[in-house]
Amino acid sequence: SPPLSPSLSTKGRNENFSLLSEAVQPVRNMGIHVKRWCFLALVASSAYLLRDSFDPATLANARVLVTGASTGIGEEIAYHYARAGAELVLTARREHALQEVKRRCLELGAKNVSLVVADMASHNAREPVVAEALSALGGLDYLVLNHIGWTPFKMWDGDVNHTRWLMEVNFLSYIHLATSALPYLAQSKGSIIVLSSLTAKNPIPYTTSYAASKFALEGFFSSLRHELIMQNNPVSITLCILGLIDTQSAMEKIKDKITLPAYPASDAALAVVSAGAGRQREMYYPWYVGPLCFFRDWFPQYRDWIIQSMYHHSSQEEKENP
């Protein structure tokens, strides 16, 4: 048969392209719909997570043990429970600072406030804290684990002994306290509230030992939550994932090293108390922490670049000042 003319050949290609476009169009439309529904789901999820249904009146007469309550976020957590009319047991290492927090809590409306001076680095100090709290309160509704060991904000220098000590304070003491309190929390259908960090989800520079302890908390208490549900144990576990908070210790450590804005400790504490009262699985504060956790695995290289770009760092400076 005679060859096709150029015009007929072009016409055939155009018809094939048109048929292909018609076949692909439903797929494109489906993709648009999927993206649209994903966007709506993201908006709905954000609205759900950001909803404010917390009623402080639900905490009136609640029996609460707060660790690390002498300063920073722990101090502010104690004040929020006090305003709600809770009964408090506060623990930390510094008795004088605890006495000041107690005085303020009573002024704000706490039903009563008891103090336990204890060093969470000591294995023998932990069970007595729970025992004294139970004796003072007659039971326990909320165990708020907030204490933290001091650690420098600098690059890893090989200090394994410090990391071992920090794991005792930031991780093992949390397990010890939670284990001691768990039977009594089960009786009251109470809650464990664990103060964690963005570094438990997204590792950042200068926090090697600290991040290790927070990752450990994330693993242990997330696994324990599964087990409690499987055992029909009514105790809830709330992990509070916090970003940079403007506590004095944090501000001193990050000075001249990071550009990330810090957020108020009082607001962070209110978010913690609210999440615990609502028995939430996880709480994120401030606003940017949730998205960073949700999207951490999507673009890891860009994520790392963004994190590192927030730091003031000189390689030569680190060599000269180890």
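Please refer to the structure placed before this passage.
Residues numbered from 1 in each chain as written. Predicted model: local features only at pLDDT ≥ 70, side-chain atom pairs only at ≥ 80, totals over all residues. Heavy atoms only, no water.

**Student:** I'm lost on the overall build of the protein in this one. Help?
**Tutor:** Check the secondary structure of the protein and you find eleven helices and seven strands. Burial analysis of the protein (322 residues in total) assigns 43% to the buried set. For the protein, restricting intrachain contacts to residue pairs at least 6 apart in sequence, the fraction spanning at least 24 positions comes to 72%. Accessible surface for the protein amounts to roughly 17,900 Å². Of this, 58% is attributable to carbon and sulfur atoms. (Helix = DSSP H or I, 4+ residues; strand = E, 2+ residues; numbered from the N terminus. Buried < 20%, exposed > 50% of the residue type's maximum accessible area, 1.4 Å probe, protein only. Contact = heavy atoms within 4.5 Å. Areas by Shrake-Rupley, 256 points an atom, 1.4 Å probe, with all protein chains shown as cover.)

**Student:** Please explain the pattern of salt bridges as it appears in this structure.
**Tutor:** Pairs can form between side chains of opposite charge once their charged atoms are near each other. In the structure shown here, the tally under the stated rule is eight salt bridges. A salt bridge links Asp 157 to Lys 154; the nearest nitrogen and oxygen atoms lie 3.0 Å apart. Since its relative accessible area comes to 47%, Asp 157 is described here as partly exposed. Taking the relative accessible area as the measure of exposure, Lys 154 reaches 34% and is therefore partly exposed. Glu 282 is the partner of Lys 201 in a salt bridge, and the nearest nitrogen-oxygen pair spans 3.0 Å. Here Glu 282 lies in strand 7 (residues 282-285) and Lys 201 lies in the loop between strand 5 (191-197) and helix 6 (208-230), a separation of 81 residues in the sequence. Of the two residues, Lys 201 and Glu 282, both sit in the buried class. In this structure, a network of salt bridges that share partners links the residues Glu 100, Arg 103, Arg 104 and Glu 107. (Salt bridge = Lys/Arg side-chain N within 4 Å of Asp/Glu carboxyl O.)

**Student:** For this particular structure, what's the right way to read the side chain of Thr 199?
**Tutor:** Here Thr 199 is to be found in the loop between strand 5 and helix 6. Here the side chain of Thr 199 touches Ser 197 through a polar contact of 3.0 Å, side chain to side chain. In contact with Thr 199, not counting residues within four places along its chain, are Ile 204, Thr 207, Tyr 210, Ala 211, Lys 214 and Phe 215. (Polar contact = N/O pair within 3.5 Å; in protein donor to acceptor, adjacent residues only side chain to side chain.)

**Student:** Got a minute to help me understand helix 2 (residues 72-83) in this structure?
**Tutor:** Count 3.6 residues to each turn of an α-helix, and residues three or four apart come out pointing the same way. In this model helix 2 runs 17 Å from its N-terminal to its C-terminal C-alpha over twelve residues, within 8% of the 16 Å that 1.5 Å per residue would give. Among the twelve residues that make up helix 2, eleven are buried, leaving the element largely enclosed by the rest of the structure. Those residues of helix 2 not exposed but buried are Gly 72, Ile 73, Gly 74, Glu 75, Glu 76, Ile 77, Ala 78, Tyr 79, His 80, Tyr 81 and Ala 82. Where helix 2 ends, the next residue or the one after it, Gly 85, has phi of about 85 degrees, a positive value. (Expected span 1.5 Å × (residues − 1).)

**Student:** Even after reading the chapter, I still don't get the environment of Thr 91, so can you show me in this structure?
**Tutor:** Among the secondary structure elements, Thr 91 is positioned in strand 2 (residues 87-92). Classification of Thr 91 by relative accessible area gives buried; the value is 1%. Apart from residues lying up to four places away in sequence, Thr 91 is in contact with Leu 65, Val 66, Thr 67, Gly 68, Ala 69, Leu 98, Val 116, Ala 118, Met 120 and Val 129.

**Student:** How should I be thinking about the side chain of Ser 236 in this particular structure?
**Tutor:** Structurally, the position occupied by Ser 236 is in strand 6 (residues 236-242). When its relative accessible area of 10% is taken as the criterion, Ser 236 is described as buried. Within the structure, the side chain of Ser 236 is placed 2.7 Å from the side chain of Ser 191, a separation counted as a polar contact. For Ser 236, the contacting residues outside a window of four places in its chain are Gly 190, Ser 191, Ile 192 and Arg 279.

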